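An overview of the molecular structure
What follows is each chain in one-letter form.
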Amino acid sequence: MKFLSLLLVVVLLGCSDGMGSIPDSELRQRHYRCQMATGQSSAEIQVCKNIKRECEQRASDGNYAC
């Protein structure tokens, strides 16, 4: 249930102003959870792709948060 709530928050963030406002530590935790997750739904996979994209964007700016 906790994961689904977090997933909903991430999806809603992805629909609004993006993930740029998420602190590095939280983004790092979400990225780790995505890497460890198995049997994800299509929505969860898309959220993880968004998280990965944000990690890559920050890395290209010199911020290796993930």
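Structure shown above.
Residues numbered from 1 in each chain as written. Predicted model: local features only at pLDDT ≥ 70, side-chain atom pairs only at ≥ 80, totals over all residues. Heavy atoms only, no water.

Turning our eyes to something else, we now look at the side chain of R58. Tracing the chain through its elements places R58 in helix α3 (residues 42–60). In this structure R58 touches M19, G20, S21, I22, P23, D24, L27 and N63, once residues within four positions along its chain are discounted. (Helix = DSSP H or I, 4+ residues; strand = E, 2+ residues; numbered from the N terminus. Contact = heavy atoms within 4.5 Å.)

Moving on: the state of the cysteines. The full count for this structure, using the stated rule, is 2 disulfides. Each disulfide pairs two cysteine sulfurs, and for C34 the partner residue is C48, the sulfurs being separated by 2.1 Å. Since a negative S-S torsion denotes a left-handed disulfide, the C34-C48 link at about -85 degrees is left-handed. Here C34 is found in helix α2 (residues 24–36), whereas its partner C48 is found in helix α3, with 14 residues between them in sequence. A sulfur-sulfur distance of 1.9 Å marks the disulfide that ties C55 to C66. (Disulfide = S-S within 2.5 Å.)

On to the nonpolar core, then. Counting residues in each nonpolar core, the largest one holds 8 residues, listed as M19, I22, L27, C34, V47, C48, I51 and C55. Secondary-structure elements contributing two or more residues to this core are α2 and α3. Not counting residues up to four positions away in its chain, the partners in contact with C34 are Q40, C48 and I51. (Core = buried A, V, L, I, M, F, W, Y, C linked by side-chain atoms within 4.5 Å. Buried < 20%, exposed > 50% of the residue type's maximum accessible area, 1.4 Å probe, protein only.)

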